[in-house]
Structures are given as C-alpha cells and as structure tokens.
Amino acid sequence: MTIGFLTALKDNLNPETAFEIAVDGFSNYMNSYYKSVLGHTREGTQERFDTFRKHYESYAEQSSYIYIVE
C-alpha cells in the first residue's frame, strides 16, 4: 500500500512536492509510532532507552533481515 501511494504521488505531482509529502507523512507516522511505544516513559531516562532497545530486540527476533549488533 505504501509503495502504491508513493508512486501515485510521484506520478501526479512534481517530484519536489511528492518528496515533501512523503517525508512529512513518514515523519508524522514515526512520531506517532514512537509516542505509542515510548509514551509511558520520560525523555532522557534509562527506562526510555531500555524500552526502546527491548522494542527493537523483539522486532528483530521476528524479522529475517534485522540483526542487532551489540
């Protein structure tokens, strides 16, 4: 779905506008996503870092292409 949407933007708008919209959309999505993942933690704390790390460790375990290097 994402690829189809981005392709439609590229095909119907000038490249600069399409890119701006894609960047804004991705940024909005990631901000919303991390608020839901980290929203119960306080910025700058070890708890937040640990929550972030555990989230990605869990995600990597389910992925065939993500490897965490420590």
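Structure: above.
Residues numbered from 1 in each chain as written. Predicted model: local features only at pLDDT ≥ 70, side-chain atom pairs only at ≥ 80, totals over all residues. Heavy atoms only, no water.

K.L.:
Explain the overall build of the protein to me, using residue names and the numbers behind them.
P.N.:
Within the protein one finds three helices and zero strands. Counting helices and strands in the order they occur from the N terminus, the protein gives α-α-α. Taken over C-alpha atoms, the radius of gyration comes to 16 Å for the protein, far larger than the 11 Å a tight globule of 70 residues would show. Considering only C-alpha atoms, the protein reaches an extent of 45 × 30 × 20 Å along its principal axes. Summing over all exposed atoms, the protein offers an accessible surface of approximately 6100 Å²; the carbon and sulfur share of this is 58%. Computed over 6 positive and 10 negative side-chain charges, the inter-centroid distance for the protein is 7 Å. (Helix = DSSP H or I, 4+ residues; strand = E, 2+ residues; numbered from the N terminus. Rg over C-alpha atoms; globule rule 2.2 N^0.38 Å. Areas by Shrake-Rupley, 256 points an atom, 1.4 Å probe, with all protein chains shown as cover. Lys, Arg positive; Asp, Glu negative; His and termini not counted. Charge placed at Lys NZ, Arg CZ, Asp CG, Glu CD.)

K.L.:
Outline the packing of aromatic side chains, listing residues and values.
P.N.:
The final tally for this structure, using the stated rule, is five aromatic pairs. Both rings, one in Tyr 34 and one in Phe 52, keep their centres 5.8 Å apart while their planes meet at 35 degrees; by these two values the pair is tilted. Of the two residues, Tyr 34 is situated in helix α2 (residues 15–38) and Phe 52 in helix α3 (residues 46–61); the sequence distance between them amounts to 18 residues. Between Tyr 56 and Tyr 59 the ring centres are 6.3 Å apart and the planes differ by 70 degrees, which places this aromatic pair in the edge-to-face class. Of the two residues, Tyr 56 and Tyr 59 both sit in helix α3, three residues apart, roughly one turn of that helix. Within the aromatic cluster, the residues linked to one another by ring pairs are Tyr 29, Tyr 33, Tyr 34, Phe 52, Tyr 56 and Tyr 59. (Phe/Tyr/Trp six-rings, centres within 6.5 Å; stacked < 30°, edge-to-face > 60°.)

K.L.:
Give me α2: which residues, what numbers.
P.N.:
The end-to-end C-alpha distance of α2 is 34 Å, a good match for the 34 Å that 24 residues give at a rise of 1.5 Å each. Along α2, the positions that sit buried rather than exposed are Ala 18, Tyr 34, Val 37 and Leu 38. Buried positions along α2 lie against α1 (2–12) and α3. Measuring from the side-chain oxygen of the N-cap residue of α2 to the backbone nitrogen of Glu 16 gives 3.1 Å; that N-cap residue is Asn 14. (Expected span 1.5 Å × (residues − 1). Buried < 20%, exposed > 50% of the residue type's maximum accessible area, 1.4 Å probe, protein only. Contact = heavy atoms within 4.5 Å. Polar contact = N/O pair within 3.5 Å; in protein donor to acceptor, adjacent residues only side chain to side chain.)

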